[in-house]
Amino acid sequence: MSAPLTKTQIWGAPIALGVLSLVGLLAALLADGIGDAASWVALGVPVVVSIWYWGRRS
Amino acid sequence: MKSASVKSWYLVHKWTSLISTLFLLMLCVTGLPLIFHEEIDHALGYSAEAPAMPEPAPRASLDDIVASAKARRPGDAVQFVFKDAEDPRLWLVRLGEKANSEDASAFYTYDGRTGTYLNEYPVNKGVTNFLLRLHVDMFAGLPGTLFLGLMGLLLVVSLVSGTVLYGPYMQKVQFGTVRRDRSPRLKWLDLHNLLGIATLVWFLVVGFTGVVNTLAVPVFGQWQATELAEMTAPYRSKPPLTEMGSVQKALDAAHAAVPGTELGFMAFPGSDFASPHHFAIFMKGTTPWTSKLLKPVLVDAQTLQVTDTRDLPWYVSTLLISQPLHFGDYGGLPLKVIWGLLDLLSIVVLGSGVYLWVRKRNLSFEAWLRTMQGEKEMAA
């Protein structure tokens, strides 16, 4: 059996995705132009990550 | 975490999900086209287009627009006037059989520059309207809306408990692992966890703001019963309004009272958001954030004097900020597309949850715990 993963290994990616999502949700609400663009990028990451790992061949 | 407490979270996740999933699937499926309702309305020819015109364009008087709308349905009352959210050159006039009728009888679009009548937006017709009614109240009125709010609360609990279970599940599994070669059940469990955790914050925010939106009627009801009643108290014993003054002048007075703002919407005397003697003119700010908030200005409908203006209480502002965060309509078309993709991923999370429940109905919690930690599958 492999050793259990550390908390950072388990929660690092989920927390990063959560923070990015929050940034994306708020950016377009706080500023036009650059705020909109930031929200597309930040909220786009969870989508890309989902599709990337779903489609990846191990 | 102790196995007993994992088991409690497991049961919370299972039951909150089981009760709410079918309704949430309905909400996600009907919500997907609703994200694009403006584009759909446009494609179906429901919404009008402002004709090209050289700048600087003239500005029509709101009095002429309102008079024309009244002439189209002489028996009805004008309830609200507002500018099109996408194209401020367009004005919309909403009429009802009575000023305070819950349902609209007509929605007319006018060119705000020339005052020309452009078209009638179909009321209670069309596919987006059908989907909207399903999404908002399942054709069951306020009880339906509040019921869906309750399902949204269950979603929030289900997402929180699911996140707690993610920890023990991922003890020995790298982030993003999808074990697709063992069994379909394990593959879909991995996917359920991956997509669930990746979309978690978005789904939480859209779910929670959806719950807040289900409270719109009681929230505005509270404001009407307290602040609006207070602001209009001096008029309570006055005789009914006989002649309404100029709508344009009322709007100008509101602009002068709160400089640096734009019209959000204008409620006519006798309608639900105004008083029998006042126009209630809801002004909005000009920055992305303040444009979501409203400031009511009460204008005496006869003298056209501003009688009171004050900020909305926190609970109405919370509702107003919750709306864009639920609809995803505040960052252009790309944000809508991302909203749609996240919605699709949420449908997969919900659907895989149902599939996993169907597949492991006869499995004990202990057996689930073993597979969850990968031991059984590793040994297989």
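In this text the structure is predicted, and so the values were computed from the model without any measurement. Position labels on residues start from 1 in each chain and follow its written sequence. The naming scheme follows written order: chains are lettered A onward, ligands numbered 1 onward. With pLDDT at 70 or above as the cut-off, local features in this predicted model cover only qualifying residues; side-chain atom pairs require 80 or more to be listed or tallied, and sums for whole chains, interfaces and linings still use all residues. Values shown for side chains rest on all heavy atoms present in the structure; no hydrogens or waters enter the calculation.

Asker: In this structure, what is going on with the pattern of salt bridges? I would like to understand it.
Answerer: Residues and elements named next belong to chain B. The salt bridge definition used is simple: a Lys or Arg side-chain nitrogen within 4 Å of an Asp or Glu carboxyl oxygen. According to the stated counting rule, one finds 10 salt bridges over all chains in the structure shown. Between Asp-76 and Arg-73 there is a salt bridge; the shortest N-O distance is 2.7 Å. According to the relative accessible area criterion, Arg-73 is partly exposed, its value standing at 29%. Of the charged contacts in the structure, one is a salt bridge between Asp-311 and Lys-295, with a shortest N-O distance of 3.2 Å. Of this pair, Asp-311 sits in the loop between strand E8 (306–309) and helix H10 (314–327) while Lys-295 sits in strand E7 (residues 294–300), and the two are 16 residues apart along the sequence. With a 1.4 Å probe rolled over the protein chains alone, any residue whose accessible area is under 20% of its type maximum counts as buried; one over 50% counts as exposed, and the rest are partly exposed. Exposure remark for Asp-311: the relative accessible area of 51% places this residue in the exposed category. Judged by its relative accessible area of 23%, Lys-295 falls in the partly exposed class. Where salt bridges share partners, they join Glu-38, Glu-39 and Lys-336 into one cluster. Helix and strand labels come from DSSP, where a helix needs a run of H or I of at least four residues and a strand needs a run of E of at least two; each type is numbered from the N terminus.

Asker: Would you mind going over empty space enclosed by the protein with me for this structure?
Answerer: Leftover empty space is mapped by rolling, across the atoms, a probe with the size of a water molecule. Residues and elements named next belong to chain B. Put plainly, a pocket is an open set of points on a 1 Å grid over the protein atoms alone with protein on both sides within 12 Å along at least five of seven lines, a cavity is a set where a 1.4 Å probe fits but cannot get out, and a lining residue has an atom within 4 Å of a point. Grid points are joined across faces, edges and corners, and a volume is the space filled by probe spheres set on the points. Under the defined criterion, the tally for this structure stands at one cavity of 30 Å³ or more. Approximately 40 Å³ is the volume attributed to the largest cavity. Lining the largest cavity are Tyr-166, Tyr-169, Met-170, Val-173, Phe-175, Gly-176, Thr-177, Asp-190, Asn-193 and Leu-194. Mapped onto the lining of the largest cavity, the elements with two or more residues apiece are helix H5 (141–169) and helix H6 (184–198).

Asker: Before we go on, may I ask you to explain the UniProt feature "transmembrane region" (unreviewed entry) in chain A in this structure?
Answerer: Residues and elements named next belong to chain A. UniProt positions are given in the numbering used here, feature names are shortened, and annotations may be inferred rather than shown by experiment. The sites that UniProt annotates as "transmembrane region" (unreviewed entry) are residues 12–31 and 37–55. As a span, residues 12–31 carries 95% helix and 0% strand, and end to end its C-alpha atoms are 28 Å apart. The straight-line gap between the two end C-alpha atoms of residues 37–55 is 26 Å; of that span, 100% is helix and 0% is strand.

Asker: What is the right way to read the nonpolar core from this model?
Answerer: As a rule of thumb, nonpolar side chains are buried together in soluble globular proteins. Here, nonpolar core means buried Ala, Val, Leu, Ile, Met, Phe, Trp, Tyr and Cys residues that are tied together by side-chain atoms lying within 4.5 Å of each other. Of all hydrophobic cores here, the largest spans 50 residues; its most connected members are Leu-25 and Leu-43 of chain A together with Phe-175, Trp-202, Tyr-330 and Trp-339 of chain B. Secondary-structure elements contributing two or more residues to this core are helix H1 (7–30) and helix H2 (34–55) of chain A together with helix H1 (3–35), H5, H6, helix H7 (200–214), H10 and helix H11 (332–359) of chain B. Should any heavy atoms of two residues lie within 4.5 Å, those residues are counted as being in contact. Residues contacting Leu-43 of chain A, with those up to four places away along its chain left out, are Ser-21, Gly-24 and Leu-25 of chain A together with Trp-202, Leu-335, Ile-338, Trp-339 and Leu-342 of chain B. In this structure, Val-66, Ala-106, Leu-251 and Leu-263 of chain B belong to the second largest nonpolar core, which totals 28 residues.

Asker: Honestly, the interface of chain B and chain A in this entry has me stumped. Any pointers?
Answerer: Interface size, as often reported, equals the accessible area lost upon joining of the parts. Contact residues are listed per partner, giving 38 residues for chain B and 32 residues for chain A. Carbon and sulfur atoms supply 74% of the area that chain B and chain A bury against each other, a total of about 3300 Å² over both sides. Our count for the contact surface shared by chain B and chain A stands at zero salt bridges. Polar contact is the term for a pair of N or O atoms within 3.5 Å; when the atoms are in protein, one must be able to donate a hydrogen and the other to accept it, and sequence-neighboring residues count only if both atoms are side-chain atoms. Counting across the chain B and chain A interface gives seven residue pairs in polar contact (both at pLDDT 80 or more). Those elements that place two or more of their residues in the side of chain B that touches chain A are H5, H6, H7, H10 and H11 of chain B. Examining the composition of the side of chain B that touches chain A, we find that eight residues originate from one element, H11 of chain B, more than from any other. In terms of residue class, the side of chain B that touches chain A is made up of 28 nonpolar, six polar and four charged. Take the accessible area each of two parts loses on contact, using a 1.4 Å probe, and add the two losses: that sum is the buried area. Residues are grouped as follows: nonpolar covers Ala, Val, Leu, Ile, Met, Phe, Trp, Tyr, Cys and Pro; charged covers Asp, Glu, Lys and Arg; every other residue, Gly included, is treated as polar.

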